[in-house]
Amino acid sequence: MSSPPSSTRTRQSPARASQSCGSAPEPSRRTSDVLVVGGGIIGLVTAWRAAQRGLVTAVVDPAPGGGAARVAAGMLAAVTELHYGEQTLLALNLASARRYPAFAAELADAAGQDLGYRRAGTLAVAVDADDRAHLRELHAFQRQHGLESEWLSGRECRRLEPMLAPGVRGGLRVDGDHQIDPRRLAAALVTACERAGVVFHRVRAERLTVVRGRAVGVVTAGSTALEAPRVVLAAGSLSGTLAGVPAEVLPPVRPVKGQVLRLAMPSDRAPLLHRTVRAVVRGNPLYLVPRESGELVVGATSEELGWDTAVTAGGVYELLRDAHELVPGITELPLTETLAGLRPGSPDNAPLLGPTALPGLLLATGHFRNGVLLTPVTGDVMAHALTTGELPEVARPFTPGRFAPGPAPARTEQPV
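Everything numeric here is computed off the predicted structure, so don't read it as measured data. Each chain has its residues counted from 1, following the order in which its sequence is written. Local features in this predicted model are restricted to residues whose pLDDT is 70 or higher, and side-chain atom pairs enter the listing and the counts only when it is 80 or higher, whereas totals over whole chains, interfaces and linings include all residues. By convention in this description, side-chain values take in all heavy atoms of the structure and omit both hydrogens and water.

## With respect to the sheet that holds strand S18 (residues 335–345)
Piece 1. For two strands to be treated as a pair, DSSP must find no fewer than two bridges joining them. Here a helix means four or more residues in a row that DSSP labels H or I, a strand means two or more in a row labelled E, and each is numbered from the N terminus. The strand order across the open sheet built from eight strands is S6-S7-S5-S15-S16-S17-S14-S18, with neighbouring strands paired in mixed fashion. The open sheet is flanked by strand S6 (150–153) and S18, the only strands paired with a single partner. In this sheet, neighbouring strand axes are inclined to one another by 25° on average, regardless of whether the strands run parallel or antiparallel.
Piece 2. In terms of strand pairing, strand S14 (residues 254–264) meets strand S17 (residues 295–299) through five bridges, oriented antiparallel. Note that in S17 the partner of Val260 across the bridge is Gly299. All axes here are fitted lines through C-alpha atoms, helices being fitted over the stretch that makes contact, and every angle between N-to-C directions spans 0 to 180 degrees.

Below, the structure is given as structure tokens:
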């Protein structure tokens, strides 16, 4: 098993301290207060917040800071991501969006790293009459829920973003939808965890350990037993594959493939775009996210193809074709990277947060397309659950028990 990085730690578990003394062989068992399975941004923020609460915390993941965050665009789009039937999720998204400025500042200070957090806003545009009608309906739906968005004519859209195609018919300006660089976010969380004393076991968790009806740890690929009275399963799309989890609490999480492109905007010219631009082109959702670094992220496909992560010629072609229809100048930019990743989808597109019916096992997974946006609130929710055993009110509609076999509890839309 690989050793954690040798950065400064403020607190160590007894097992970790004995290892750092030098000559003794690596023990076959390690203990902590909280064991987080999964080192993506959700697992990392859970571990960081738990360590800040004084809990001795460990993370099990072969490559912490990886996962879906490497592919995500980082849109913090609580308003423009609103979908019909997801009003309850909207409340959680808004709660997390409100936390982001303070969260980003705290994390940047804790890690000593820039997160690429920008408040440039989002512009959702329509490229034909049908799209315009859909955006008008979405605008009315947003206003119905008290959300701030402004309708613009096509000319007003092009005044904000001159490189938009002449055929743009109108759009919604949402200044409250921001962005962050998910790769920088993940790297900063790794550093912040290390500085808070979180122990990293850079190995795969193979099986949950259950003793007398309680989760008490995991066994890793190296046959090491990691023990903790509280285990958080936060492995993204892999969360439903951990052996040893009883069927009645196994999270119903599936992989949803997304392909994205990264292009480079020349530094000696004005930026191609100044803010995130979103659209639906030929029925396909499309976004273009410009970074201050000069990178332009274009995405994303949404494909129900199991565990396939191949970048396909068709996926790249469709993204470039639709992006060109929206911003014709994009085809002149260098294509620097093509990637495919797996979003953790749940049956209702919302996360599973908090304690399960198996004592000692908690979930923080199923965030689907909102993982980056929901990072701050998830950290707060899981830290509260780990220290009190209960979910705060904002997270109660997202308990894992809503998917338990048998009659489901009544679920009503939460007012915004």
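From this point, things continue past the structure.
## Looking at unusual backbone geometry
One can expect most non-glycine residues to show negative phi and most peptide bonds to be in trans.
Piece 1. A cis geometry characterises the amide bond from Gly299 onward to Ala300, with omega recorded as -15°.
Piece 2. Summarising the element assignment, Ala300 is placed in the loop between S17 and helix H7 (313–326).
Piece 3. For Arg212, which is not glycine, the phi dihedral falls at a positive 50°.
Piece 4. With respect to the helices, strands and loops of the structure, Arg212 is situated in the loop between strand S10 (205–211) and strand S11 (214–220).
Piece 5. Classification of Arg212 by relative accessible area gives exposed; the value is 82%.
Piece 6. Look at Asn349: it is not a glycine, yet its phi comes out positive at around 65°. For the exposure calls, accessible area comes from a 1.4 Å probe over protein chains only, and a residue counts as buried if that area is under 20% of its type's maximum, exposed if over 50%, partly exposed in between.

## Re the packing of aromatic side chains
Piece 1. The pairing test for Phe, Tyr and Trp rings, Trp by its six-membered ring, is centres within 6.5 Å, and the orientation test on the planes gives stacked under 30 degrees, edge-to-face over 60, and tilted for anything in between. Enumeration over the complete set of coordinates arrives at four aromatic pairs.
Piece 2. Here Trp48 and Phe103 contribute two aromatic rings whose centre-to-centre distance is 6.2 Å and whose plane-to-plane angle is 65°, an arrangement assigned as edge-to-face. One end of the pair, Trp48, is in helix H2 (residues 41–52); the other, Phe103, is in helix H3 (residues 87–111), with 55 residues separating them in the sequence. Here Trp48 matches Phe103 in class, with each residue buried.
Piece 3. Plain terms: the ring middles of Tyr84 and Phe141 are 4.5 Å apart, the flat faces sit at 35° to each other, and that makes the pair tilted. Of this pair, Tyr84 sits in the loop between strand S4 (75–76) and H3 while Phe141 is found in helix H4 (residues 129–144), placing the two residues 57 residues apart along the sequence.

## Here's the deal with the side chain of Asp177
Piece 1. On the secondary structure map, Asp177 appears in the loop between strand S7 (170–174) and strand S8 (178–179).
Piece 2. Counted charges follow a simple rule, with Lys and Arg positive, Asp and Glu negative, and His plus the chain ends left uncounted. Put simply, a salt bridge is a Lys or Arg side-chain nitrogen that is within 4 Å of an Asp or Glu carboxyl oxygen. Buried charge without a partner: Asp177 forms no salt bridge, and the closest opposite charge is Arg278, 5.8 Å away.
Piece 3. Within the structure, Asp177 has its side chain in polar contact with the side chain of Thr80 (distance 2.7 Å). Between N or O atoms, a polar contact is any pair within 3.5 Å; within protein, one atom must be a potential hydrogen donor and the other a potential acceptor, and residues adjacent in sequence are included only when both atoms are from side chains.

## Focus on the sheet that holds strand S13 (residues 230–233)
Piece 1. If you walk across this open sheet you meet the six strands as S9-S3-S2-S13-S20-S19, and the pairing is mixed. A single partner strand is all that each edge strand has here, and the edge strands are strand S9 (199–201) and strand S19 (352–355). Each strand of the sheet is rotated relative to its neighbour by a mean of 20°, with strand direction disregarded.

## What about the layout of surface pockets?
Piece 1. Using only the protein atoms, space was sampled on a 1 Å grid; points where a 1.4 Å probe fits but cannot get out form cavities, open sets with protein on both sides within 12 Å along at least five of seven lines form pockets, and lining residues are those with an atom within 4 Å of a point. Grid points are joined across faces, edges and corners, and a volume is the space filled by probe spheres set on the points. By volume, the second largest pocket amounts to about 400 Å³.
Piece 2. Around the second largest pocket, the lining is made up of 19 residues, and of these Val79, Leu94, Glu148, Gly176 and Asp177 lie nearest the centre.
Piece 3. Secondary structure elements with two or more residues in the lining of the second largest pocket: H3 and S7.
Piece 4. For the lining of the second largest pocket, the leading source of residues is H3, giving five residues.
Piece 5. Looking at the lining of the second largest pocket residue by residue, the class counts come to 10 nonpolar, three polar and six charged. Three residue categories are used. Nonpolar comprises Ala, Val, Leu, Ile, Met, Phe, Trp, Tyr, Cys and Pro, charged comprises Asp, Glu, Lys and Arg, and polar comprises the others, including Gly.

## With respect to the confidence of the model for the chain
Piece 1. Chain-level pLDDT for the chain is 90 on average; 90% of the residues reach the 70-or-more range.
Piece 2. Below pLDDT 50 for its whole length, residues 407–416 participates in 20 contacts with residues either more than four positions away or in separate chains. Every residue gets a pLDDT, meaning the predictor's confidence in that residue, from 0 to 100. By definition, residues are in contact when any of their heavy atoms lie within 4.5 Å.

## Digging into the environment of His384
Piece 1. By the secondary structure assignment, His384 is in helix H8 (residues 375–388).
Piece 2. What makes His384 partly exposed here is its relative accessible area of 27%.
Piece 3. Those residues within four positions of His384 in sequence are excluded, and the remaining contacts are Arg53, Gly389, Glu390, Leu391 and Pro392.

## A few points about the nonpolar core
Piece 1. Nonpolar cores were defined as sets of buried Ala, Val, Leu, Ile, Met, Phe, Trp, Tyr and Cys residues, with membership established by side-chain atoms within 4.5 Å. Of all hydrophobic cores here, the largest spans 60 residues; its most connected members are Leu107, Leu185 and Val232.
Piece 2. Elements that contribute at least two residues to this core include exactly strand S2 (34–37), H2, H3, helix H6 (182–195), strand S20 (361–365) and H8.
Piece 3. Ranked by residues supplied to this core, first place goes to H3 with 10 residues.
Piece 4. The residues contacting Val232, other than those within four sequence positions of it, are Val34, Leu35, Val36, Val37, Thr46, Leu362, Ala364, Met382 and Leu386.
Piece 5. Core analysis: the second largest hydrophobic core is formed by 27 residues, Val127, Leu152, Leu160 and Val316 among them.

## Considering the environment of Pro344
Piece 1. With respect to the helices, strands and loops of the structure, Pro344 is situated in strand S18.
Piece 2. Residue classification places Pro344 among the buried positions, given a relative accessible area of 10%.
Piece 3. Setting aside anything within four residues of it in sequence, one finds Pro344 in contact with Gly236, Ser237, Val253, Arg254, Thr365, Gly366, His367 and Phe368.

## A word on the pattern of salt bridges
Piece 1. Tallied over the entire structure, the rule returns 24 salt bridges.
Piece 2. Between Arg184 and Asp181 there is a salt bridge, and its shortest N-O distance comes to 3.8 Å.
Piece 3. Notably, a salt bridge pairs Lys257 with Asp308, separated by 2.8 Å at the nearest N-O pair. In this pair, Lys257 is assigned in strand S14 and Asp308 in the loop between S17 and H7, connecting sequence segments 51 residues apart.
Piece 4. You can call Lys257 buried: its relative accessible area is 0%.
Piece 5. The exposure class assigned to Asp308 is partly exposed, which follows from its relative accessible area of 30%.
Piece 6. Via salt bridges that share partners, Asp114, Asp181, Arg183, Arg184, Arg262, Arg291, Glu295 and Glu337 belong to a single interconnected network.

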